[in-house]
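Given next are the chains, with one letter for each unit.
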Amino acid sequence: MKHRPASLRRTLLLGILLPVAGFVVINTVVLYRQALAAADTAYDRTLLATAKSLSEQLNVEGRGEQARVHSTLQYSALEAFEADNRSRIFYRVSGFAGEMVSGFEDLPPPRAQLPDQKIYAALVHFYDDEYRGMPVRMAVLLQPVASSSAQGMSTIQVAETLELRQTLARQILLDTLWRQAALVIVIVGVVVFVVQRATRPVRALSHALTARNDNDLSPLPADDAPRELQPLVEATNQHMQRLSHLLEHQKRFVRDTSHQLRTPLAVLKTQVQSARRGDIPPAQALEEIGHTVERATELANQMLALAKVEQLREDRDAPLMDWTDVVRKVALDLAPLIADLSLDFSLDLPARAVTVRSHEWALRELSRNLLHNAIQYTPTGRRLAVALVADAQTAALTVSDSGPGISAALRERLFQPFATEPQRRSGGTGLGLAICHGITQSLGGSIELVNRETHGTVQGLDATVRLPLAAT
């Protein structure tokens, strides 16, 4: 099953809203518990006030061990403390020895030990309990009772049912929930609006690319794009520029190939027809046909080499090659041609390896075209020299011929395809220097052709290619 790419808007919304929703839930629970604690504190004050009201109705009767606590309180007096008749209050007053004084006898006795109180100064303790099957909130007050004849500590218990507290708790919960819900809705609206607005340039860029023609490789407008999209737009424009260059090169290659191959093929067709008619002897016809085929083959090979140079521009992972070894092999391959012309040939190569980053075919094509061009322009028996030198950062290959040099007319279109001089020994294709120039640029180097002059007379041409040395 094909993996569905994640949505940028969905990722942003979930990445923002989920943590916010989690925080709101936690905050709601905390606020609810704090509100309940505050409500308990408030209602516990009422219970304490009730217990203190009971303590004001106590007195001591009798003396010594016969002293007893007596209460004059009537239950009807507690109705004032029962809020809105939604809760009931029960009480019990115990004497010095824990005997029943007044109130509800079945009210559970207080817990064995009362903790120290920090909220109220009185000796009072609050806790939750159960009475007659109902949950209640219990307040236990230790109240000193004294008279002129006796004194002691009385225990006052006041229990209140939880209807009012539960109603308040529900109200607090509902108030908290709707406020938090309103907050979440506001946050969601703001986040959705901001995310929609922030991703609008991405959608606009997508629509602009979708609406383009297939052959439209013009740069995308980058001025209105957000800062975060600038690297993407620039990278896209650079890629489109490379595609445009490759497309233009392919068009030019097809156009030049069709134009250049048409001539040798037409000549070949004419030669074959002439041979069939017997206009010339068979041996001469075969020789002319072979020469035409050889020239067409050379043209096709060089056209393919020129096309391959464009692929080399996009290759960023070339291996390490020894340029010295490549130049030596090229010189050996062309040695028969040099010998046929009786050229005064010299080859000066360093003893150590000269390492550059390139594919072998590129270095070989570069070196071969330079040397082959020099051979074609060097008169018979004249001097031809090849030298390779290297310093700390670059390597330089210089091919020096004894030909006529470069004319002013050719220099204007020196590295264009199919540019050639009439002094060339064979017609040639005019692609050699264009190939050398393309390979040199793709390898990060430079190529220079300089006429060698003495007293204003051209003695030959020095073709120098410089390439950066590879770090080893």
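About the thresholds
- As a convention, each chain's residues are numbered from 1 in the sequence order in which they are written.
- With the structure being a predicted model, the display of local features is reserved for residues of pLDDT at least 70 and the display and counting of side-chain atom pairs for 80 or more, all residues being used for whole-chain, interface and lining totals.
- Hydrogens and water are ignored here; the side-chain numbers use all heavy atoms of the structure.
- Side-chain atoms within 4.5 Å link the members of a nonpolar core, which is a set of buried Ala, Val, Leu, Ile, Met, Phe, Trp, Tyr and Cys residues.
- To sort residues, take the accessible area from a 1.4 Å probe on protein chains only and compare it with the maximum for the residue type: under 20% means buried, over 50% means exposed, and anything in between is partly exposed.
- Counting from the N terminus, the helices are DSSP H or I runs at least four residues long and the strands are E runs at least two residues long.
- Working rule for contacts: check all heavy atoms of both residues, and any pair within 4.5 Å makes them a contact.
- Any two strands with at least two DSSP bridges between them are considered paired.
- Interaxial angle, 0 to 180 degrees, is taken between N-to-C directions of lines fitted to C-alpha atoms, where a helix line uses only the stretch in contact.
- For classification, angles of less than 35 degrees are called roughly parallel, those exceeding 145 degrees roughly antiparallel, those between 65 and 115 degrees roughly perpendicular, and all remaining angles oblique.
- Handedness of a crossing follows from how the near helix is turned relative to the far one, being left-handed for an anticlockwise turn of less than a right angle and right-handed for a clockwise one.
- Amino acid classes used here: Ala, Val, Leu, Ile, Met, Phe, Trp, Tyr, Cys and Pro are nonpolar; Asp, Glu, Lys and Arg are charged; the rest, including Gly, are polar.

**Q** Honestly, the nonpolar core in this entry has me stumped. Any pointers?
**A** Generally speaking, nonpolar side chains in soluble globular proteins are found buried as a group. Of all hydrophobic cores here, the largest spans 38 residues; its most connected members are Trp323, Leu363, Leu366, Leu370, Leu371, Ile375 and Leu467. Contributions of two or more residues to this core are made by α5 (323-333), α7 (360-377), β11 (383-390), β12 (394-400), α9 (432-442), β13 (446-454) and β14 (457-468). Top element by residues in this core is α7. It accounts for 7 residues. Excluding residues within four positions of it along the chain, Leu366 makes contact with Trp323, Cys436, Ile439, Thr440, Val465 and Leu467. Within the second largest apolar cluster, 28 residues are counted, among which are Leu47, Leu54, Val124 and Ala159.

**Q** When you look at the sheet that holds β14 in this model, what are you seeing that I'm missing?
**A** One key point about sheets: their strands pair by backbone hydrogen bonds, in either a parallel or an antiparallel sense. What the 5 strands build is an open sheet, ordered β9-β11-β12-β14-β13; its pairing is mixed. Two strands in the sheet have a free side with no partner beyond their single neighbour: β9 (344-348) and β13. Neighbouring strand axes in the sheet, compared pairwise and without regard to direction, differ in orientation by 15 degrees on average.

**Q** Got a minute to help me understand the sheet that holds strand β6 (residues 134-146) in this structure?
**A** Spatial strand order, β4-β3-β7-β6-β5: 5 strands in an open sheet with antiparallel pairing. The open sheet is flanked by β4 (100-103) and β5 (124-131), the only strands paired with a single partner. The sheet shows a mean angle of 25 degrees between the axes of neighbouring strands, direction not considered. Helix-sheet contacts for helix α1 (residues 8-55) involve β3 (89-94), β5, β6 and β7 (151-161), and the interaxial angle to β7 is about 140 degrees.

**Q** Would you mind showing me how to read the packing of α5 against α7 here?
**A** Packed helices, taken two at a time, are described by their axes: the angle between them and the distance between them. Where α5 meets α7, the closest approach of the two axes is 9 Å, and the angle between their N-to-C directions is 50 degrees. Taken together, α5 and α7 sit at an angle that is classed as oblique. The two elements α5 and α7 meet at a crossing, and its hand is right-handed. Touching Trp323, Val326, Val327, Lys329, Val330, Ala331 and Asp333 of α5 are Glu360, Leu363, Arg364, Leu366, Ser367, Arg368 and Leu371, all from α7. Looking at side-chain class alone, the contact of α5 with α7 contains 8 nonpolar, 1 polar and 5 charged residues.

**Q** Help me understand the pairing of β12, please; the structure alone is not making it clear to me.
**A** Along a regular strand, successive side chains alternate from one face of the sheet to the other. Counting buried positions over the 7 residues of β12 gives 5, a clear majority of the element. As defined by bridge partners, β11 adjoins β12 across 6 bridges and the pair is classed as antiparallel. Across the sheet, residue Val386 finds its bridge partner in β12, namely Val399. Here β11 folds back onto β12 in antiparallel fashion, the turn holding 3 residues. Bridge analysis of β12 against β14 gives 7 bridges, and the strand direction is antiparallel. Opposite Ala396, over in β14, you have Arg466 as the bridge partner.

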